[in-house]
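Architecture at a glance
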Amino acid sequence: MSRTIVITSGKGGVGKTTSSANLGMALAKLGRKVVLVDADFGLRNLDLLLGLENRVVYTALEVINRECKLDQALVKDKRQPNLSLLAAPQTRNKTSITSAHMKALVEVLSRYFDYVLVDCPAGIETGFQNAIAGAKEAIIVTTPEISAVRDADRVIGLLEANRIKDIKLIINRLRPKMVKNNDMMSVEDVLEILSVKLIGVIPDDEQVIVSTNRGEPLVLSENLPLAGIAYENTAKRLDGKEVEFLDLDAPRDTLLSRLQRWLTGNS
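Residues numbered from 1 in each chain as written. Predicted model: local features only at pLDDT ≥ 70, side-chain atom pairs only at ≥ 80, totals over all residues. Heavy atoms only, no water.

1. Some details on the UniProt feature "binding site: ATP" (unreviewed entry) in the chain
- Residues annotated by UniProt as "binding site: ATP" (unreviewed entry) correspond here to Lys11, Gly12, Gly13, Val14, Gly15, Lys16, Thr17 and Thr18.
- Mapped onto the elements of the fold, Gly12 is located in the loop between β1 (3-8) and α1 (16-29).
- If you trace the backbone, Gly13 turns up in the loop between β1 and α1.
- Overall, Gly13 belongs to the exposed group, its relative accessible area being 62%. (UniProt positions renumbered as here; feature names shortened; annotations may be inferred. Helix = DSSP H or I, 4+ residues; strand = E, 2+ residues; numbered from the N terminus. Buried < 20%, exposed > 50% of the residue type's maximum accessible area, 1.4 Å probe, protein only.)

Here it is, written out as structure tokens:
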């Protein structure tokens, strides 16, 4: 049975679109048919993060206005054929689409895909209301900062008011050392405030920036960095699998650490 999930946040810049791209790609790697819908009308970025910007010809708006067929607007990822993108238009404002339009669109997509993941614009205005229409589930993305968590809490209330009760949480850009030094909120601190099911904890990783600039989701890396593993595990949990959370405090077996052990005779 198809699942329609809106991926949202209260505060902008917390990694919501990056999470959408990586979750979509990771689910596709698991063999699920996934469509990513960019609902950020006028400010689309999801195509850039997927490296598909040059292949977008038609967008969701042309589909809604019946200026093209749905399959003409869907961009299939060549690296992972199970993943498709429905891009947002860049030239129209956010009032170009209504909640009814979005609901009808995701209902049609749900006939052909296992997962319909809607990348929601940040904030709580019209774009947010449109993006959540038709969704049965939601994933909240937040960083462990008090302002982001407070905004996430407000969005959770709005989702519940719109009858979306199945809400899960991704905590992004966690820095264990800062948590230890009491300079950053811990996972437990965030959960105490938000009280929703935790589905993923993504460590802060500069490779995320590199992958974003290259238009290649982190989960496609040959040697998965820790954040890539965390995204893959998050996708598995979303798909119903029991996966333990990574111990982000554990020492990592890097090339430098192996060399140091070899030099000291502790290999």
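2. Comments concerning the packing of helix α7 (residues 146-161) against helix α9 (residues 187-194)
- The interhelical angle for the contact between α7 and α9, taken along N-to-C directions, is 30 degrees, at an axis separation of 10 Å. On the basis of the axis angle, α7 is roughly parallel to α9. Relative to α9, the crossing made by α7 is right-handed. Across the interface between the two elements, Ile146, Val149, Ala152, Asp153 and Ile156 of α7 pack against Val190, Ile193 and Leu194 of α9.
- Looking at the contact of α7 with α9, its residues break down into seven nonpolar, no polar and one charged. (Axes fitted to C-alpha atoms, helices over the stretch in contact; angles between N-to-C directions. Parallel < 35°, antiparallel > 145°, perpendicular 65-115°, else oblique. Left-handed = near helix turned anticlockwise from the far one by under 90°. Contact = heavy atoms within 4.5 Å. Nonpolar A, V, L, I, M, F, W, Y, C, P; charged D, E, K, R; others polar.)

3. A few points about the pattern of salt bridges
- Across all of its chains, the model carries ten salt bridges by this definition.
- Among the ionic pairs, Arg79 bridges to Asp77, the shortest N-O distance being 2.6 Å.
- When its relative accessible area of 36% is taken as the criterion, Arg79 is described as partly exposed.
- For Asp77, a relative accessible area of 1% corresponds to the buried category.
- Each of Arg3, Glu137, Asp166 and Lys168 takes part in salt bridges that share partners, so that together they form one network. (Salt bridge = Lys/Arg side-chain N within 4 Å of Asp/Glu carboxyl O.)

4. Some points on the packing of aromatic side chains
- A complete count under the given rule lists zero aromatic pairs for this structure.
- Taking NZ or CZ as reference, Lys33 lies 5.6 Å from the ring centre of Phe113, over its face. (Phe/Tyr/Trp six-rings, centres within 6.5 Å; stacked < 30°, edge-to-face > 60°. Lys NZ or Arg CZ within 6 Å of the ring centre and 35° of its normal.)

5. Focus: the pairing of strand β6 (residues 137-142)
- The element β6 is extensively covered by neighbouring structure, given that six of its six residues are classed as buried.
- Taking every second residue as pointing to the same face, both faces of β6 are buried, with Glu137, Ile139 and Val141 on one and Ala138, Ile140 and Thr142 on the other.
- Note that β1 and β6 share four bridges and pair parallel. Looking at the pairing, Ile7 lines up with Ile139 of β6.
- As paired strands, β6 and strand β7 (residues 166-174) are joined by six bridges and run parallel to one another. Directly across from Ala138, in β7, lies its bridge partner Ile167.
- Between the parallel pair β6 and β7, the chain is carried across by α7, and the sense of this crossover is right-handed. (Pairing = 2+ DSSP bridges. Right-handed = clockwise from strand over helix to strand, strands pointing away.)

6. Looking at the sheet that holds strand β8 (residues 197-203)
- Pairing is mixed across the open sheet formed by eight strands, whose spatial order is β3-β4-β2-β5-β1-β6-β7-β8. At either margin of the open sheet sits one strand with a lone partner, and together these are β3 (75-76) and β8.
- Across five bridges, the pairing between strand β2 (residues 34-38) and strand β5 (residues 115-119) is parallel. Bridge pairing in β5 links Val34 to Tyr115.
- Each of β1, β2, β4 (83-86) and β5 touches helix α5 (residues 99-109); the most contacted strand, β5, lies at about 150 degrees to it.
- Lying over the sheet, α7 contacts β1, β6 and β7, oriented at roughly 170 degrees with respect to β6.

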